[in-house]
Structure formats: structure tokens, C-alpha cells
Amino acid sequence: MNPKRILVVGAGHVGLYAALRLSKKLSSREAEVIVVDPQPHMTYQPFLPEAAAGNISPRHSVVPLRRELRKCKVVAGAVKRIDHDRKTAVVQPISGPAREIPYDHVVVAPGSVSRTLPIPGLHEHGIGFKTIGEAIYLRNHVLDRLDVAAATADPRVRRSALTFTFVGGGYAGIEALAEMEDMARDALKYYPELQPEDMRWVLVEATQRVLPEVDRDMGAYTVQQLLKRNMDIRLDTRLESCVDGVVKLSDGDSFSSDTIVWTAGVKPSPMLDATDFPRDERRRVTCLPTLQVVDGDRVLDGAWSAGDCAAVPDLTKEPGNYCSPSAQHAVRQAARMADNIVNVIRGREPVDYKHKHAGSVASLGLHKGVAQVYGIKMTGWPAWFMHRTYHMSRIPSFNRKVRVVVDWSLAFFLKREVVALGQLHDPREEFVEASQPVGATRV
């Protein structure tokens, strides 16, 4: 029997977990698993706020693909086109010419990207919070703004440097805001020129509540806790402009802010535009509960999808509802999809994916949190502990679990690192300046 070729597009939560399970359940005589992703690692996104705040090392929030997927073939590159009618994908490696990869089964899991709006100035001044690079940049930028504020004698420059604006009140926005404020407040111990009340942390949310995944009382509790920390919470308010760093809101207020973080939702990866897979009105790949791609009433042979980019019916709710774009669903969908591919290869029927959302946990900074799991609601330290315990158990590989626990353990005895490594973002600047001819003027 010729081994089936399984192409996994994307190595996020779905891609990594699916490839890992396929490589364990199928022998080399049954299948060859090929994973294509531009990055050499999978980012465990729930740990981005902790990595940005310095609670864990950024390296420990990512999982190296080649270490974990030793039985798979890993291709570092981007999928430029998928022609499922021919069952081929065009892959552009990091270097060299593009090449075609034929397949028998394809797992379409490129994930999602930040869903931005055509707001003036957002492209020039905003920063997202979906990648490890963005998390590291935000950490360095916030600490750099503290240095700017401490060194300047201009009150306008200081106000702008110490104004931090976060747009979006979902889990990403709330956790990023809370963790970064916690870190900055800690860092002010080393800035005698600055006081905590000098900082202004602003949350802009277009709806009337935060954390829509939990009950309203838990969202209200979160707002109350943020207000106690003197944060400026703007609900039912939209960002209308941020040209030249001047934030203008729909409630008529405007102020200068050197830091504008956009966390207002996600959308399926634009890579899907270069495929012939059917899409719904939100541009997600249409799927059956078995995670097979479906075009109307026709099931596409050998095509599978899951995660943020897929419209997977939620069988625990009324018809017309779909699984939310969360890590909780992505990990379980990956396992179900891998098992279904194994079933099809071995001549068995695929099984529907069905999982009732267990709830959500969120960190609001060190020793602070909110959780609603299986109807049980917790706040404060217990919720924070549950948040850490849950995500530590979910990050792939024993290696990463140990490293994360060691980071947390050291934090009990050592002070938080609050140094900015701004040169990471432009490492050649000093070399370029030093290598200029004598007397040359730098432009």
C-alpha cells in the first residue's frame, strides 16, 4: 500500500496538535505527514500576556516544531496557493523557488490574523497582540516609554509617553492591559521621577461589556477591579482616529498616546483567499461537524479544516451556531480531526466533533484573575491559580511545561525583570552608524 500524503497547512494550535497525533497513530507505511509554516515554532497564545509582562521567558511560550514533530516533515515556508481539484499546493520556501506539493489529505489550519478597521492612523501607530514578536515589542515599548517620561522636562511629552491605549475588551485585550499595567506599576519602583498616578491606562470597547465569553456579572467584576486600579474604561465607545498618535474617541474625547494596542477581534487568515475552498459570509472555510470541508451538500474528498479559520457547527447549541475561535475548541478539534483522518485512511467512518464550552479563565495581573468554569465562578487568587494551572497543563511538551513552572517558581524569590531591550527591534542601527565614512552625514 502506498502511504497517503497528509499536508498540514499552518502549525498553530490545530496544525501542531493534529500533526503530532497523526504521526503517533499512523505508521510510515500508512502516511507521510508534511507540515508547512513560515515560523519554526508554534506560539501558545494564552501565554503572550505573561511573556510580555516578564512572568515567563518569551522562548518558553513557543514550541519548536522540529523538536516536537520528529516523525513529520517540516517545511519552513508559506503556502501561496491550494488547488484542491488537483490536490496540489504551491509552497514558497524561505529561500529558493516555489514548488508544488501533491497531497491526498490536506489540513487547512492557517489560523487567524488581527481584524482591523479602516481607522485613520491605525496602520501607522497601532500594534497587534497575536504573535510573540508583538508581545516582546510591546514589553520593550512600554518600558521605553517610562524611560522617556522620566527623562523629559516637557509635560506634554510625559503625558503622551505615559498614556497607554488598548482597543478591544475581549480576553486578549483585558489580559494584555492588566498584565502590562501590573508590570509598569512594578517598574515604577525604580523611577523616582514618576508616580503611579502619572500613568493613564485606557480601555476602549465598542460594546457595553467586556469578556463576552463569561456572564455579565463576571464582566462587571472585571471592570470594577480595573477601575480600582485607576484605569480609564470606555464602554460603548469606538476609536475613530489616531492620526499622529492623537486618539479620538466616539464619545468626543481626544488625547495623545504613544502606545495604541489593537485587540478588537480576529479574522481568518488571508491565505485562504488563494484557495478554492468554499467560504461563509465571514470568510471561514465551511465544514461539517466531522471537520470535513463541505461545499453545499458536497463533501470535498480529503479536505479538512478546524480552528479560527473554520466554520464548525456547534452541536451543543441550536442549529446555526458555530464553535468559537478559542484554544479550547482548537485543541479538541485537532484531536478529533486527526482521528477522523485515521478513520478514513483505514476505511472507517468519521465521527462528529461535539464539545460543550467548559468556560473561560483570565489573568488580571499577578495574583489576580477571573474564571467561570462549568458554571463555577471564581475571582482573585483562586481564579489566577486556575488560569495558570489550566494553561500549564495545555502547553505542548513536557519540556515547555517544566520551563514555565521554573519561571513561575523563580518569580516567588526574585524580582521581576523590568529592563527594555529596545535594540532587538533595530539591531543594526549602531553598526550602520559606526561604519559610515568619516564626515558622512546620516540621513
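Not measured: the values here are computed from a predicted model.

Colleague: I'd love a proper account of the sheet that holds strand β11 (residues 163-167), names of residues and values included.
Modeller: Taken in spatial order, the five strands of this open sheet run β10-β17-β11-β12-β13, and their pairing is parallel. Across the chains shown, the open sheet's two edge strands, defined by having one partner strand only, are β10 (126-127) and β13 (232-234). Bridge analysis of strand β12 (residues 200-204) against β13 gives three bridges, and the strand direction is parallel. Its bridge partner being in β13, Leu-203 is matched across the sheet by Ile-233.

Colleague: Which residues make up the packing of aromatic side chains, and what values go with them?
Modeller: Enumeration according to the criterion identifies six aromatic pairs in this entry. Consider the rings of Phe-164 and Trp-201, whose centres lie 4.2 Å apart with planes at 25°: the pair is stacked. Here Phe-164, found in strand β11, pairs with Trp-201, found in strand β12; they are 37 residues apart in sequence, far enough to count as distant. Grouping residues by exposure puts Phe-164 and Trp-201 together as buried.

Colleague: So what's going on with the sheet that holds strand β24 (residues 369-373)? Which residues, and what values?
Modeller: Read across the open sheet, the three strands follow the order β23-β24-β25; overall the sheet is antiparallel. With one partner strand each, in any of the chains shown, β23 (359-363) and β25 (376-379) form the two edges of the open sheet. Averaged over neighbouring strand pairs, the angle between their axes works out to 5° when direction is ignored. Here β24 runs beside β25; their pairing, made up of four bridges, is antiparallel. If you follow Ala-371 over to β25, its bridge partner there is Met-378.

Colleague: Please give an account of the domain arrangement of the protein that cites residues and values.
Modeller: In terms of domain boundaries, the protein breaks down into domain 1 (4-113 + 267-346) and domain 2 (132-264 + 359-413). Summarising the inter-unit geometry, the C-alpha centres of domain 1 and domain 2 are found 30 Å apart. With 30 residues of domain 1 in contact, the opposing surface of domain 2 contributes 26 residues. Surface buried jointly by domain 1 and domain 2 totals about 2400 Å² across both partners, of which 58% is contributed by carbon and sulfur atoms. One can count one salt bridge joining domain 1 with domain 2. In this structure, the salt-bridge partner of Arg-388 is Glu-50, at a minimum N-O distance of 3.0 Å. Connecting domain 1 to domain 2 are 13 residue pairs in polar contact (both at pLDDT 80 or more). Only α1 (13-25), β3 (41-43), α2 (48-53), β4 (62-64), α3 (65-68) and α9 (327-345) provide two or more residues apiece to the side of domain 1 that touches domain 2. A per-element tally of the side of domain 1 that touches domain 2 places α2 first, with six residues. The class makeup of the residues in the side of domain 1 that touches domain 2 is 17 nonpolar, eight polar and five charged.

Colleague: Tell me about the packing of helix α5 (residues 132-151) against helix α7 (residues 171-187), residues and numbers included.
Modeller: At a minimum axis separation of 11 Å, α5 and α7 run at an interaxial angle of 40°. The handedness of the crossing between α5 and α7 is right-handed. Counted together, Leu-138, Arg-139, Val-142, Leu-143 and Leu-146 of α5 and Met-180, Met-183, Ala-184 and Ala-187 of α7 form the full contact between these two elements. Tallied by class, residues from the contact of α5 with α7 come to eight nonpolar, no polar and one charged.

Colleague: Break down the packing of helix α10 (residues 380-394) against helix α11 (residues 398-411) for me, with residues and values.
Modeller: Closest axis-to-axis distance for the α10/α11 pair is 9 Å, and the angle between their directions is 150°. Overall, the two elements α10 and α11 adopt an arrangement that is roughly antiparallel. For the pair α10 and α11, the sense of crossing is right-handed. For the pair α10 and α11, the contacting residues are Arg-388, Met-392, Ser-393 and Arg-394 in the first and Lys-401, Val-405 and Trp-408 in the second. Among the residues making up the contact of α10 with α11, the classes are represented as three nonpolar, one polar and three charged.

Colleague: Give me the lowdown on the side chain of Glu-205, citing residues and values where you can.
Modeller: Along the chain, the position of Glu-205 falls in the loop between β12 and α8 (216-228). Discounting residues that sit within four places of it in the chain, Glu-205 has contacts with Gly-168, Gly-169, Gly-170, Arg-234, Leu-235, Asp-236 and Thr-237.

Colleague: Account for the pairing of strand β7 (residues 99-102), naming residues and giving values.
Modeller: Two strands pair when backbone bridges link them, and strand β6 (residues 88-93) and β7 are joined in this way by four bridges, in the antiparallel orientation. The partner of Val-90 across the bridge, within β7, is Glu-100. Here β6 hands over to β7 after five residues, with Gly-96 in that stretch at a positive phi of 100°.

Colleague: Kindly report on α8, identifying the contributing residues and their values.
Modeller: Here α8 is 13 residues long and its end C-alpha atoms lie 18 Å apart, about the 18 Å a rise of 1.5 Å per residue gives. Within the sequence span of α8, burial applies to Met-218, Gly-219, Tyr-221, Thr-222, Val-223 and Leu-226. Looking at the buried side of α8, the elements it contacts are α7, β13, β24, β25 and α10. In the stretch just after α8, Asn-230 is the one whose phi turns positive, near 65°.

Colleague: Now, about the nonpolar core: what can you tell me, with residues and values included?
Modeller: Ile-6, Leu-7, Leu-69, Phe-166, Trp-201, Phe-277 and Met-337 are the most contacted members of the largest nonpolar core, which has 113 residues in total. Among the elements that take part in this core, α7 stands out by supplying nine residues, more than any other. Looking at which domains feed residues into this core, each of domain 1 (4-113 + 267-346) and domain 2 (132-264 + 359-413) supplies at least three. Those residues in contact with Phe-166 that lie beyond four places of it in its chain are Leu-138, Gly-173, Ala-176, Leu-177, Met-180, Trp-201, Val-202, Leu-203, Val-204 and Val-261.

The rules behind the values
Residues numbered from 1 in each chain as written. Predicted model: local features only at pLDDT ≥ 70, side-chain atom pairs only at ≥ 80, totals over all residues. Heavy atoms only, no water. Pairing = 2+ DSSP bridges. Helix = DSSP H or I, 4+ residues; strand = E, 2+ residues; numbered from the N terminus. Phe/Tyr/Trp six-rings, centres within 6.5 Å; stacked < 30°, edge-to-face > 60°. Buried < 20%, exposed > 50% of the residue type's maximum accessible area, 1.4 Å probe, protein only. Axes fitted to C-alpha atoms, helices over the stretch in contact; angles between N-to-C directions. Domains from an automatic or database assignment. Contact = heavy atoms within 4.5 Å. Buried area = accessible area lost by both parts, 1.4 Å probe. Salt bridge = Lys/Arg side-chain N within 4 Å of Asp/Glu carboxyl O. Polar contact = N/O pair within 3.5 Å; in protein donor to acceptor, adjacent residues only side chain to side chain. Nonpolar A, V, L, I, M, F, W, Y, C, P; charged D, E, K, R; others polar. Left-handed = near helix turned anticlockwise from the far one by under 90°. Parallel < 35°, antiparallel > 145°, perpendicular 65-115°, else oblique. Expected span 1.5 Å × (residues − 1). Core = buried A, V, L, I, M, F, W, Y, C linked by side-chain atoms within 4.5 Å.

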